[in-house]
Amino acid sequence: MRVKNALVRGPGDSFVEVFSTLTVSVFALCCLLPFAYVFFVSFMPYTEYLENPLKVIPSKFDLTAYRQMLGYKLIQSGYQVSVFTTVVGTILSVFLLVISGYPLSKTNLKGHRFFIYMVLFTMFFNGGMIPNYILIRNLGLQNTVWALIIPGCINSFNLILMKNYIKSTVPETLEEAAKIDGANDIRILFSIVTPLLKPAIATMTVFCSVGYWNNYFSAMLYLQDRKLWPLTLVLRELVVENTSAVSPVTQMLTSTHRSHPFTLKMAAIIVTITPILIVYPFMQRYFVKGISLGSVKE
Amino acid sequence: MRAIPSFEIGELRRQLKYFSNNKYLYLLLLPCVIYYIIFNYMPMYGLIIAFKDFRFSKGILGSPWCGLENFKYLFGLKDFYRVFGNSLTLSLLRLVFFFPVPIILALMLNEIPFLRYKRLLQTVIYLPYFISWVVIGGILVNLLSPSWGIINSLIKALGGEPVFFLGSDKYFRVIALISYIWKQAGWDTIIYLAAITSINPELYEAATIDGASRTQRIWHITLAGIKPTIIILLLLSIGNIMNNGFEQIYILQNSSNLQVSEVFETYTYKLGMVNGRLSFATTVGLFSSVVGFILLMIANWIAKLMGEEGIF
């Protein structure tokens, strides 16, 4: 086939290939540039920035901004909250996805359709912001880290993905054999099915952990106590909000003249995204596989 | 006393036996069902406060009904039409300018002959999806800042006047659109690429033999092959017209671009969480979800009329 293809290759083929490669390369470059800029500027010594605000690459890597940023109390507590919610939330989410996805994958289970519709309907209609807030308040979860973990720990989209994956990869004969040997469904799930789900579990771990790490909306809605703020919310106050002159953030940003507020802000951004950048190369090979596992369509 | 016919007992026995045989499957599903009832269906029940004058002290049930008062007030409000217009405009801009981008990117990725380089490109363009809107908003706000942003430093160096990009009505929509494409488009190629891999390779071979050019093959085989996926995603985005995504809009919003940046989500948030008008905020939220749901139904129905597979 290769030979035949080569025979009919015309100038159009090369053009399509070159044009595609170039265009996607430019898009990819645009995806990277802002991060590269933020990274370099976060190390820029204050004097260098004042001399030439257009300077992109610093002459030396100055760590003042990082020292200041990591010494900031809310960044420290934010890190703790973010790590805790991400780890606990991800474990809980993935566990729930596995134990719920398994019975949902049994199409001949009585009530199957009902359960599937129960899940699907929430993808298109939901109570929305205020009823959710009232619920969390009534449950006494307001101003606890659990308000960041529990709402949203079963994502309907992920659940359907998991169910489809189980249905398409786990051979029924395997389960039947185990049943004849006297194993019950829970044992079958954990000792036979779960090991087959490794790629899906890896994908879900990626999706859930990134979701927890990046979320700031639930924190804004449910947490008033700043000590409980996750990193994203601390970052929002530091980097985006037009803070009033009296806020502790403005004071920190202006009281010290060792770093420019701009450099400080860029350092805060790098501090926030570093964990994702570190794990990203390891996790990216999973999600490509994971998403193609099953479509959302029921 | 009525005698229970024996066949009913038999049926009941069979049912009981079925449930006892499968009791562990139902047990596994139990946490999920409880979760959906509490965290998805209870808030839907909570929507009735749109028709009430809700007070925390009285609870959802105890608060007095007020009928359609909240809706009447909402429809009489000038702000409401502005917010409605803003939400629609942003969504339509996305539909026209964002929606085709991942399709085009996926088609192009598929034509790249160097496999390792292609994989590298994929890795890079997926990256922004994994970065929080807070970070992206933070980068944008600072890059575009009139006092220290590099874009304005550049303008100043070239002798121009600095522009407060996010502080004006003029640029907000463009910035929101471009940053959305930047964050989302790369990731969205994944679903199209998955669809492309499931196209039968023999089709390409046959077309090549029949003398179809590369572009003809892309158009008639690749694009035609992913058409069902495109339609499903199009339906979903039409159903999402009322949602602009709170996290992005809120982070780019400030008091001077509010005229064009206030959308349903941010409006609901401010009414409910900042001003404490919970019932009225719920009314706004309910209105936008119902309209969104109806739009999805209509889009789905039209797709089926056209002989395509819908979502339901």
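Everything numeric here is computed off the predicted structure, so don't read it as measured data.

**Looking at the overall build of chain A**
On a plain count of helices and strands, chain A comes out with 16 helices and 0 strands. Out of the 298 residues in chain A, the part that is buried amounts to 39%. Across chain A, contacts joining residues at least 24 apart in sequence account for 77% of those joining residues at least 6 apart.

**A look at the overall build of chain B**
Each helix and strand in chain B was counted, giving 17 helices and 0 strands. Based on the C-alpha atoms only, the size of chain B along its principal axes is roughly 95 × 65 × 35 Å. For chain B, with 312 residues in total, the buried portion stands at 35%. When contacts within chain B are restricted to residue pairs at least 6 apart in sequence, those whose partners lie at least 24 apart make up 65%.

**Some points on unusual backbone geometry**
One non-glycine residue, Asn 143 of chain A, lies in the positive phi region at around 60°. If you trace the backbone, Asn 143 of chain A turns up in the loop between α7 (129-138) and α8 (146-149).

**Side note on the interface of chain A and chain B**
Contact residues are listed per partner, giving 75 residues for chain A and 75 residues for chain B. Its residues placed into classes, the side of chain A that touches chain B shows 46 nonpolar, 20 polar and 9 charged.

**So, the confidence of the model for chain A**
All names here are of chain A. When pLDDT is averaged across chain A, the result is 86; 87% of the residues are at 70 or more. Contacts of residues 1-7 to residues separated by more than four positions or lying in other chains number 3 contacts, the stretch itself having pLDDT below 50. Contacts for the low-pLDDT stretch residues 294-298, under 50 throughout, to residues beyond four places or in other chains number 11 contacts.

**Points about the domain arrangement of chain B**
All names here are of chain B. Domain parsing of chain B yields domain 1 (6-62) and domain 2 (69-305). At the interface, 6 residues of domain 1 touch 6 residues of domain 2. Across the side of domain 1 that touches domain 2, the residue classes break down as 4 nonpolar, no polar and 2 charged.

**With respect to the nonpolar core**
If you look at the biggest cluster of nonpolar residues, it comprises 133 residues, and the most contacted ones within it are Met 162, Leu 235, Ala 268 and Ile 269 of chain A. With near-sequence residues (within four places) excluded, Ile 269 of chain A lies in contact with Val 38, Leu 235 and Val 239 of chain A together with Val 135, Gly 138 and Ile 139 of chain B. One finds Ile 232, Leu 235, Leu 296 and Ala 299 of chain B within the second-largest nonpolar core, a separate group that totals 5 residues.

**Re the environment of Gly 67 of chain B**
Along the chain, the position of Gly 67 of chain B falls in the loop between α3 (59-62) and α4 (69-75). Exposure remark for Gly 67 of chain B: the 9 C-beta atoms within 10 Å place this residue in the exposed category.

**Points about the environment of Leu 16 of chain B**
Following the sequence through the fold, Leu 16 of chain B ends up in helix α1 (residues 6-21). Measuring from C-alpha to C-alpha, the distance between Leu 16 of chain B and Phe 172 of chain B comes to 62 Å, with 156 residues separating the pair along the chain.

**A word on helix α2 (residues 23-46) of chain B**
Residues and elements named next belong to chain B. The first and last C-alpha atoms of α2 sit 32 Å apart over 24 residues, in line with the 34 Å expected at 1.5 Å per residue. Its maximal kink placed at Leu 29, α2 deviates by approximately 35°, while the proline Pro 31 follows within four residues. For α2, the full list of buried residues reads Leu 25, Leu 29, Cys 32, Tyr 36, Phe 39, Asn 40, Pro 43 and Gly 46.

**Describing the packing of α7 of chain A against α2 of chain B**
In a pair of packed helices, the angle between the axes and the distance between the axes together describe the arrangement. Axis separation between α7 of chain A and α2 of chain B bottoms out at 8 Å; the angle between their running directions is 115°. Taken together, the axis directions place α7 of chain A and α2 of chain B in an arrangement best described as roughly perpendicular. Every pair of crossing elements has a handedness; the one defined by α7 of chain A and α2 of chain B is right-handed. Here Pro 131, Asn 132, Ile 134 and Leu 135 of chain A of α7 of chain A lie close against α2 of chain B, whose contacting residues are Met 42, Pro 43 and Gly 46 of chain B. Its residues assigned to classes, the contact of α7 of chain A with α2 of chain B shows 5 nonpolar, 2 polar and no charged.

**So, the environment of Val 274 of chain B**
The topology assignment puts Val 274 of chain B in helix α16 (residues 264-274). Put simply, Val 274 of chain B and Cys 32 of chain B are 242 residues apart on the chain and 33 Å apart in space, counted from C-alpha to C-alpha.

**What about the packing of helix α5 (residues 73-104) of chain A against helix α12 (residues 198-214) of chain A?**
All names here are of chain A. Where α5 contacts α12, the two axes come as close as 8 Å, and the packing angle between them is 140°. The pairing of α5 with α12 is recorded here as oblique in orientation. Here α5 and α12 pass one another in a crossing that is right-handed. Facing Ser 82, Thr 85, Thr 86, Gly 89, Thr 90, Ser 93, Val 94, Leu 97 and Val 98 of α5, the residues of α12 in contact are Ile 201, Met 204, Thr 205, Cys 208, Ser 209, Tyr 212 and Trp 213. Within the contact of α5 with α12, the residues separate by chemical class into 8 nonpolar, 8 polar and no charged.

About the thresholds
Residues numbered from 1 in each chain as written. Chains lettered and ligands numbered in written order. Predicted model: local features only at pLDDT ≥ 70, side-chain atom pairs only at ≥ 80, totals over all residues. Helix = DSSP H or I, 4+ residues; strand = E, 2+ residues; numbered from the N terminus. Buried ≥ 20, exposed ≤ 12 C-beta atoms within 10 Å, placed from the backbone. Contact = placed C-beta atoms within 7 Å. Nonpolar A, V, L, I, M, F, W, Y, C, P; charged D, E, K, R; others polar. pLDDT = per-residue confidence, 0-100. Domains from an automatic or database assignment. Core = buried A, V, L, I, M, F, W, Y, C linked by C-beta atoms within 7 Å. Expected span 1.5 Å × (residues − 1). Bend = angle between axes of the 7 residues up to and from the residue. Axes fitted to C-alpha atoms, helices over the stretch in contact; angles between N-to-C directions. Parallel < 35°, antiparallel > 145°, perpendicular 65-115°, else oblique. Left-handed = near helix turned anticlockwise from the far one by under 90°.

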